[in-house]
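Geometric and topological summary
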Amino acid sequence: MQDLLIITPPFSPHDATPPLGPGILVAHARAAGLDAHAFDLNIRYLRLFGGGSQQRLRVVGDHAKDRVRVEAAREHYTRSLCLTPAPPELVPCGEDAVLSLAHDFDAMESAIDAMLLDGFWQGFLTSQLAGVAEPRVLGVSVMGPAQVLPALVIAKWSKSKWPEARVVAGGSHVTLLADEIARDVRYGHGVIDAFLPGHSEHTLVAFVRAVKFAENEELAGVLAAGHSYTPAVELAPADWLPAVFDEAELALYDCARLSLPLQLSRGCSYGKCRFCTYPAVEAFTRGNTGHIARSVLETAVRFGIEKVSVKDSLFDRKAMEAFGTLVAVVAPGLTWSCTTKVNRGMRCDCLRRLYSQGLRTVELGVETIHPSLQRTIDKVQPLDEINDVIAAYLDAGIAVVINLLYGLPGETREQADAQWRWFCDWQARGGGLVHGSHNLMEVNRQSVLASSPTRHGVKLGHVGPWGFSYVWNAPIWRREFSDVFAGTHCEKEAA
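Residues numbered from 1 in each chain as written. Predicted model: local features only at pLDDT ≥ 70, side-chain atom pairs only at ≥ 80, totals over all residues. Heavy atoms only, no water.

1. Let's talk about the confidence of the model for the chain
Confidence in the prediction for the chain averages 94 pLDDT; 97% of positions are at 70 or higher. In the model, residues 489–495 has pLDDT below 50 throughout and makes 32 contacts with residues more than four positions away in sequence or in other chains. (pLDDT = per-residue confidence, 0-100. Contact = heavy atoms within 4.5 Å.)

2. Focus: the side chain of Thr-17
For Thr-17, the location among the structural elements is in the loop between strand S1 (2–8) and helix H1 (20–31). In terms of polar contacts, Thr-17 uses its side chain to reach the side chain of Asp-62, at 2.5 Å. Excluding residues that lie within four positions of it along the chain, Thr-17 makes contacts with Gly-61, Asp-62, Tyr-253, Ser-259, Ser-309 and Lys-311. (Helix = DSSP H or I, 4+ residues; strand = E, 2+ residues; numbered from the N terminus. Polar contact = N/O pair within 3.5 Å; in protein donor to acceptor, adjacent residues only side chain to side chain.)

3. Side note on the sheet that holds strand S2 (residues 36–40)
Sheet architecture is open: 5 strands sit in the order S2-S1-S3-S4-S5, paired in parallel fashion. Looking along the sheet, the strands with just one partner apiece sit at the ends: S2 and strand S5 (194–196). Each adjacent strand pair in this sheet contributes to an overall mean axis angle of 25°, direction not counted. As paired strands, strand S4 (residues 166–170) and S5 are joined by 3 bridges and run parallel to one another. Looking at the pairing, Gly-170 lines up with Leu-196 of S5. In this fold helix H6 (residues 148–161) packs onto S1, strand S3 (135–141) and S4, with an angle of close to 165° to the strand it touches most, S3. (Pairing = 2+ DSSP bridges. Axes fitted to C-alpha atoms, helices over the stretch in contact; angles between N-to-C directions.)

4. Examining helix H9 (residues 201–212)
With 12 residues, H9 extends 17 Å from end C-alpha to end C-alpha; this agrees with the ideal 16 Å at 1.5 Å per step. Along H9, the residues that are buried comprise Glu-201, Thr-203, Leu-204, Val-205, Phe-207, Val-208, Ala-210 and Val-211. Residues of H9 that are buried sit in contact with S1, H1, S3, S4, S5 and strand S7 (265–266). Count one or two residues on from H9 and you reach Ala-214, which has phi positive near 55°. (Expected span 1.5 Å × (residues − 1). Buried < 20%, exposed > 50% of the residue type's maximum accessible area, 1.4 Å probe, protein only.)

In structure tokens:
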């Protein structure tokens, strides 16, 4: 019997980077002397579908995914959930009537039961988990609505296969819903024994030890559905450990696309964007995490992995330069990616040096090019500065993934069209180095737009108990506009 098994359920549209959170949890559990393993059911699910997309191989990180495979998996996944589409008036504008999870608890329960009777899901779980040792604690990682139903199905399925196992759920989506879970016992669905909101490395270790040695499981940071709880104090950065990945799990990824993930800070140093849920999920924390960077780079070298993806929500210039210097020393020839914000200080000489140190892709949070809309979301970035920074990255040979939002409160169709034309112009002259992440604006739980909607002209409507996004008074032109960027990189993140 193993002490801890952490499962990453479908569906997550990422087949180029393994999940970071479970790797960190396993690292802390093993450091405490526990027998712990991560099991990525999501990549096993994605591998059921044929691939072939090559267009992102110049990009490092999440955006290097095989889009042919991911879209085939998404289509199958949506059809396989046994969940009746929600009525249109309950579904946020532009979202899928199934994946939005606008459904009530009863509908979710019916879907869970139907999926357990469905030949695909029963066969998939049985075949994939056939040789896995029974765990004392089974963890399921829930990073967004698309993983909720499979997580609950796995939990219920495990109750018959491993009846003694304690089932816990964590992840950013659980963290966003912590207050709701504490108020309503139905979130447990009779199969989740405990929820672990927030960064819960030490809490999970304490819980597993309590189960293993038959001690009191009522610990700070452990939440039972329908009960109040005491949040745990999170670990200081000096106590963070780098994620560990078993070689057999990494072998499930296409080596041409694979990037090893790492995170050197938590939260966002900007933290003002009114549409963002990062401040609610994790407070900004940055410390001396050089030991993590060095360890991950050494692991990449040892496994022959040629790419690394930095998962910090905002990797600023100082952090880039420090990391690039370390790459040049520890893993020369390795390439890497990161996410950052527009910063005029990123000049050509600096970026050429970073290119020589392996930087190949930046994800740039532009969101909107229009000044009035930038003020709405509290992210003011002059267009000439945006253009200058993009040009500097391209001049250095670094690919840029531009994050863009459409259909913000008060936005006109003309503004959306102008932004699309601006992006297409950059893509046309970017020499294959400009890519886009195009999304319709959402009003998500615990964002500023959701917590003080009237101040920003937002009227909130329905959100399902497990849903992430509200129905709101979105601009009426959005439904037809989404066809403009159909087929481009259009994904929703959990936080």
